[in-house]
Amino acid sequence: MVFKSIERIKKAIPEIVHVAMFYNNGTIFNTTFEQEINIPKVGENLARMLDRFRRLYELLNFEHKDYKKVILETEDVFTIVLKLGEESNIALFFKAGDVKDINISSIQRYLKRIEELIDMDKKELLLQDVLSLESEIKNLESELTNKKERIGDLRFQLKALTEEEREKREKESDIIKKIESIEKESNSIEQEISQKISKRDSLRSEIEHHSI
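None of these values were measured; they are calculated from a predicted model.

1. A short note on the overall build of the chain
Then step 1. On a plain count of helices and strands, the chain comes out with five helices and five strands.
Then step 2. When the helices and strands of the chain are listed from N to C terminus, the series reads α-β-β-α-β-β-β-α-α-α.
Then step 3. Within the chain, the proportion of its 212 residues that are buried is 34%.
Then step 4. In the chain, of all internal contacts separated by at least 6 residues, the share reaching a separation of at least 24 is 58%.

As structure tokens, then:
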């Protein structure tokens, strides 16, 4: 759906060479650039450019509010970056010689719809991330359960050692080392589960925010 909106913009303004839609964190949501272009780097640099403008305003003690648009012109390329939603932006790339008669207002009627589509799709992407995290948490919890059962078995073996085996200490030492190793792995898994739960809950809150 979003890609169709991009195509409609390109159809309305044939002078546009490429379009890149990206979030404030630099993630490219949709673009007409081909895969051979380093698309993540494109988004990273677009976001960094906006961040540098913000830092410049802060340095100059200028009142800083959300930008409306940024225009860059070189000999060959004319670029307009427009603010869409709270988290979303769109970069339009033109050939410099083709932009004399372009009226930016001619694409304004598309922007609100694009914003709605981006926010809707972002919510869906966030939901996918939540489901993925929940699957990872479930797998980790299963792995943790198996390790705890293994620790229980080893502790039972430790208690079941004969006096002769305890005196030799070799088997006892081996079991204790295994228990300590698995406990260390278990602690690491528990920390990872905690981190993923925290991230999942944060994403859920963000989804609720987008639902308001």
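2. Quick word on a nonpolar patch on the surface
Then step 1. A cluster of nonpolar side chains, namely F53, L56, Y57, L59, L60, F62 and L72, defines an oily patch on the protein surface of about 660 Å² accessible area.
Then step 2. The element contributing the most residues to the nonpolar patch is helix α2 (residues 39-59), with four residues.
Then step 3. Inspection of the secondary structure puts F62 in the loop between α2 and β3 (69-73).

3. Quick notes on the side chain of T32
Then step 1. Tracing the chain through its elements places T32 in the loop between β2 (28-31) and α2.
Then step 2. From its side chain, T32 meets the backbone nitrogen of V19 in a polar contact 2.9 Å long.

4. Structural notes on the nonpolar core
Then step 1. If you look at the biggest cluster of nonpolar residues, it comprises 15 residues, and the most contacted ones within it are I16, V19, M21, I90, L92 and F94.
Then step 2. Where this core is concerned, the elements lending two or more residues are α1 (2-12), β1 (16-23), β4 (77-83) and β5 (88-95).
Then step 3. By size, the runner-up hydrophobic cluster in this structure holds 12 residues, among which are I39, L46, V70 and A91.

5. Comments concerning the pairing of β2
Then step 1. In the sheet, β1 pairs with β2 via three bridges, with the strands oriented antiparallel. Within β2, the residue paired with F22 across the bridge is I28.
Then step 2. In textbook terms, the turn of a hairpin is the stretch between consecutive antiparallel strands, and for β1 and β2 this stretch comprises four residues, one of which, G26, has a positive phi near 95 degrees.

6. Let's talk about the pattern of salt bridges
Then step 1. By the definition in use, this model includes 13 salt bridges.
Then step 2. Put simply, R55 and D51 hold a salt bridge, and the shortest N to O gap is 2.6 Å. A residue pair is termed a helical-turn pair when its members lie 3 or 4 positions apart in one helix, as R55 and D51 do in helix α2 at four residues.
Then step 3. Its relative accessible area of 25% is what places D51 among the partly exposed residues.
Then step 4. What emerges from the salt-bridge pattern is a single network uniting D51, R54, R55 and E58.

7. Some thoughts on the confidence of the model for the chain
Then step 1. Looking at the chain as a whole, the pLDDT averages 82, with 83% of positions reaching at least 70.
Then step 2. Across the chain, the secondary-structure element scoring lowest on mean pLDDT is α1, at 67, and the one scoring highest is α2, at 92.

8. A short note on the sheet that holds β5
Then step 1. Spatially, the five strands line up as an open sheet ordered β2-β1-β5-β4-β3, and their pairing is antiparallel. Only two strands of the sheet have a single partner each, and these edge strands are β2 and β3. Across the sheet, the axes of successive neighbouring strands diverge by a mean angle of 15 degrees, strand direction being ignored.
Then step 2. Examined bridge by bridge, β4 and β5 share seven bridges and lie antiparallel to one another.

9. A few points about the side chain of T31
Then step 1. Structurally, T31 can be placed in strand β2.
Then step 2. Only 2.8 Å separates the side chain of T31 from the backbone oxygen of V19, close enough to count as a polar contact.
Then step 3. Within the structure, the side chain of T31 is placed 3.1 Å from the backbone nitrogen of F33, a separation counted as a polar contact.

10. Some points on the pairing of β3
Then step 1. For β3 and β4, the ladder comprises five bridges, and the chain directions are antiparallel. Among the inter-strand pairings, E73 is bridged to a residue of β4, identified as F78.

11. Some words on unusual backbone geometry
Then step 1. The residue N61 is not glycine, and still its phi comes out positive at about 60 degrees.
Then step 2. Here N61 shows up in the loop between α2 and β3.

Analysis parameters
- Once a new chain begins, its residue numbering starts again from 1 and follows that chain's sequence as written.
- It should be noted that, the model being predicted, local features are given only for residues of pLDDT at least 70 and side-chain atom pairs only at 80 or more, the latter also being counted only at that level, while totals for whole chains, interfaces and linings use all residues.
- The side-chain figures draw on all heavy atoms in the structure; neither hydrogens nor water molecules are used.
- Numbering of helices and strands runs from the N terminus, with a helix taken as a DSSP run of H or I at least four residues long and a strand as a DSSP run of E at least two residues long.
- Three labels apply to residues, based on accessible area from a 1.4 Å probe with only protein chains included: buried if under 20% of the type maximum, exposed if over 50%, partly exposed otherwise in between.
- Whether two residues touch is decided by their heavy atoms; if any such pair falls within 4.5 Å, the residues are in contact.
- Nonpolar side chains (Val, Leu, Ile, Met, Phe, Trp, Tyr) within 5 Å and like charges within 9 Å form the patches, drawn only from residues with over 30% relative accessible area and no salt bridge.
- Here the Shrake-Rupley method, with its probe set to 1.4 Å, supplies the accessible areas, and only the displayed protein chains count as covering residues.
- The term salt bridge refers to a side-chain nitrogen of Lys or Arg lying within 4 Å of a carboxyl oxygen of Asp or Glu.
- Polar contacts, as used here, are pairs of N or O atoms within 3.5 Å; protein pairs need one atom able to donate a hydrogen and one able to accept it. Residues neighboring in sequence count only if both atoms are side-chain atoms.
- To define a nonpolar core, start from buried Ala, Val, Leu, Ile, Met, Phe, Trp, Tyr and Cys residues and group those joined through side-chain atoms within 4.5 Å.
- When DSSP finds two or more bridges between two strands, those strands count as paired.
- Every residue is assigned a pLDDT by the predictor, reflecting its confidence on a scale from 0 to 100.
- Angular values range over 0 to 180 degrees, each being the angle between N-to-C directions of two axes fitted as lines to C-alpha atoms, with helices fitted over their stretch in contact.

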